[in-house]
Amino acid sequence: MPVTVMSATYKQRLRGWLSYAFASEAFVVVSLTLFLPICLEQFARDNGFLQPEKTEPCSSLSGSVPANVDGRCAVKIGWLWIDTASFSLYVYSMSVALQALTVISMGSIADRSSYRKPLLLTFAAIGAFSASLFLPLSSTSPLWMVSALFAILANVGFGASVVAMNAYLPSLAKDSPEVVQAYSEVTSSFENRDENSALTASIDLELERSLEEVSDPLLGHPIHPDTAQLTYTAALSRATSRISSLGIASGYGAGIILLLVALIPVTRMQGSTFSLRLAIGLSGIWWALFSIPAAVWLPNVSNIDEPESGSIKADDDWTFSSEIAVAWKRLGVMLRWREIKRLRNTFRYLAAWFLLSDGFTTITSTAILFGKTTLHMQASSLVLIGAITPLSGIIGSLVSPILQRKFMWSNLHVLVLLVLMVSLIPAYGCLGFLPVFKGTARFGGLTTQGEMFGLAVYFGFAYGAFQSYARALYAELLPPGEEARWYGLFSITDKSSSFVGPLIVGLIADSTGNIRYAFFFLVFMVWAAVPVLLSVDVDKGRQDAKNYVS
């Protein structure tokens, strides 16, 4: 293929990938991390009663909460009374559990390049439509509990579609201009170095086969790596993190734009339930509209030549039901001790990711609920925090690769630094229990609304970079041709832990009546991941992943 045609095709693929990040991440920024937990809590509050008597409706309290009133609300679900702040956490826990089941089932199908795009668009449609349905659903309706179902379906749609989206990342990194140039230097170094014709023919055959595997993020076949090979590996690592960072920045940019739009009705309606529903509904509409360019630009099987694992059946030898059954069997095989030993560094990283993903996402949802229920922040203030965080995240995701190149840090070193930075946030919140911050002090320990804004800037900078580097580092440890299946396991690890985090925080809030105690749990979870992360040998893991399918 001529270089000009290849370049144009690559740019189109990259635009398609970034456009879906622009479409779907707006839902995450606007709804999943901000308005959805607030709205679910508000739905429950509108149908709940003040504690401890549980006789006066929570809706009887308007404006600021009087000093002599507890202000805590409980809603009756079946025969149980549940704190309204815990209601949204329980719904989120159910949604991520169902999301995990979904991504397990779809992994083998998404590894078929001809079905990856249809799966992405199908789950995008489910998620966008479910989010849009918040618009007509009133919190005073007898069917208000359906809001939980809509939230679950929207989250499942997002998580499943992102698994298919992430499967494109390795091939995009490998086909970037700088990596293609570095790869050509690798082939040239072999041609010049080896005089033996038989050995040269063998190497050329292997390199030719590698060139056909456009989705392989782990090229680097020389038995004895030389300078060109090390340069190629470094270029591939940087390209992966750069493209991943562009996706995060694109999505955060979309979220900021939509947040600014949503801020108008939320402010004018003083954070009413309808304004929250409107914000979520708009995120669903945004998600649907901007998925259209992705549908046009993302490649079909005929557009790119991707390798498929040898375990994948031919197109005429499979059905959806059989592939779902096979996906669950493959998960069992992947989790056997023998397979874990073969890819020990990949699984070490997944163990760290299990803790980190839960810690980071639960920090986000807990902070929003903490600001609303403990610091009594207005919805407009929470929206502003929701805008500040992704704006800072854009800066973090774009600045981090620059700092990485300047100081020659690896993806792993950057990731560890970001984890340590974020761990200081819940640790700071724990300081609020100290007597000095409970007395005359008007600042410190996350006891004032103003501190939330400063922490939003700090957290956004670190979290935006963390998301891009977490995805990029994992891409380096993937067996080629099985990206969707392993990104599915990546998502399962994420969601299985996220099922635990909000649940524990909800139980802490219910049992203590103070959500601040959850910060101790979050500190422990994040810090526990650091030694596991430091044990990952990326170079060895990269080679093990290549050998896994050879």
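Above this text is the structure in question.
Fair warning: this is a prediction, and the values are worked out from it, not measured in the lab.

**Student:** Can you break down the environment of Thr366 residue by residue, with the values?
**Tutor:** Tracing the backbone shows Thr366 in helix α13 (residues 344-373). Taking the C-alpha atoms as reference points, Thr366 and Gly501, separated by 135 residues in sequence, lie 9.8 Å from one another. With near-sequence residues (within four places) excluded, Thr366 lies in contact with Val505, Ile515, Ala518, Phe519 and Leu522. At 2.6 Å, the side chain of Thr366 and the backbone oxygen of Thr362 are in polar contact.

**Student:** Help me get a handle on the state of the cysteines, residues and values and all.
**Tutor:** For the coordinates displayed, the defined rule picks out 1 disulfide. Note that Cys58 is cross-linked by a disulfide to Cys73, the S-S spacing being 2.1 Å. Placement of Cys58 in the loop between β1 (49-50) and β2 (73-77) and of Cys73 in strand β2 is noted, with a sequence separation of 15 residues between them. Here Cys73 falls in the buried class, since its relative accessible area comes to 1%.

**Student:** Could you give an account of the nonpolar core, with specific residues and numbers?
**Tutor:** As a rule of thumb, soluble globular proteins bury nonpolar side chains together. Among the nonpolar cores identified, the biggest contains 156 residues, and Trp17, Phe35, Tyr349, Phe466, Tyr474, Trp486 and Leu533 are the most heavily contacted of them. With 21 residues, helix α1 (residues 3-46) is the largest single contributor of residues to this core. When residues no more than four places from it in sequence are discounted, the contact partners of Trp17 are Met165, Tyr168, Leu169, Leu172, Ile243, Ser244, Gly247, Leu298 and Arg471.

**Student:** Let's hear about the sheet that holds strand β3 (residues 80-83): which residues, and what values?
**Tutor:** Pairing within the open sheet is antiparallel, and its 3 strands lie in the order β1-β2-β3. In this open sheet, the two edge strands, each paired with only one partner strand, are β1 and β3. For β2 and β3, the ladder comprises 4 bridges, and the chain directions are antiparallel. Directly across from Val75, in β3, lies its bridge partner Ile82. Helix α2 (residues 84-110) rests against β2 and β3 of the sheet, and its axis sits at about 95 degrees to β3.

**Student:** Report on the pattern of salt bridges, specifying residues and quantitative values.
**Tutor:** Evaluated as defined, the whole model comprises 10 salt bridges. Among the ionic pairs, Arg338 bridges to Glu339, the shortest N-O distance being 3.5 Å. In this structure Glu339 comes out as buried when scored by relative accessible area, which is 6%. Of the charged contacts in the structure, one is a salt bridge between Lys540 and Asp544, with a shortest N-O distance of 2.9 Å.

**Student:** Can you break down helix α14 (residues 379-407) residue by residue, with the values?
**Tutor:** Between the first and last C-alpha of α14 there are 41 Å, a value that for 29 residues agrees with the 42 Å anticipated at 1.5 Å per step. Positive phi shows up at Met408, right after α14, with a value of about 60 degrees.

**Student:** Can you lay out the environment of Gly281 for me, pointing to particular residues and giving the numbers?
**Tutor:** Assignment of secondary structure puts Gly281 in helix α9 (residues 273-289). When its relative accessible area of 0% is taken as the criterion, Gly281 is described as buried. The sequence separation of Gly281 and Ala131 amounts to 150 residues, and the corresponding C-alpha distance is 5.4 Å. Other than its neighbours up to four places away in sequence, Gly281 contacts Ala131, Ser132 and Leu135.

Procedures and definitions
Residues numbered from 1 in each chain as written. Predicted model: local features only at pLDDT ≥ 70, side-chain atom pairs only at ≥ 80, totals over all residues. Heavy atoms only, no water. Helix = DSSP H or I, 4+ residues; strand = E, 2+ residues; numbered from the N terminus. Contact = heavy atoms within 4.5 Å. Polar contact = N/O pair within 3.5 Å; in protein donor to acceptor, adjacent residues only side chain to side chain. Disulfide = S-S within 2.5 Å. Buried < 20%, exposed > 50% of the residue type's maximum accessible area, 1.4 Å probe, protein only. Core = buried A, V, L, I, M, F, W, Y, C linked by side-chain atoms within 4.5 Å. Pairing = 2+ DSSP bridges. Axes fitted to C-alpha atoms, helices over the stretch in contact; angles between N-to-C directions. Salt bridge = Lys/Arg side-chain N within 4 Å of Asp/Glu carboxyl O. Expected span 1.5 Å × (residues − 1).

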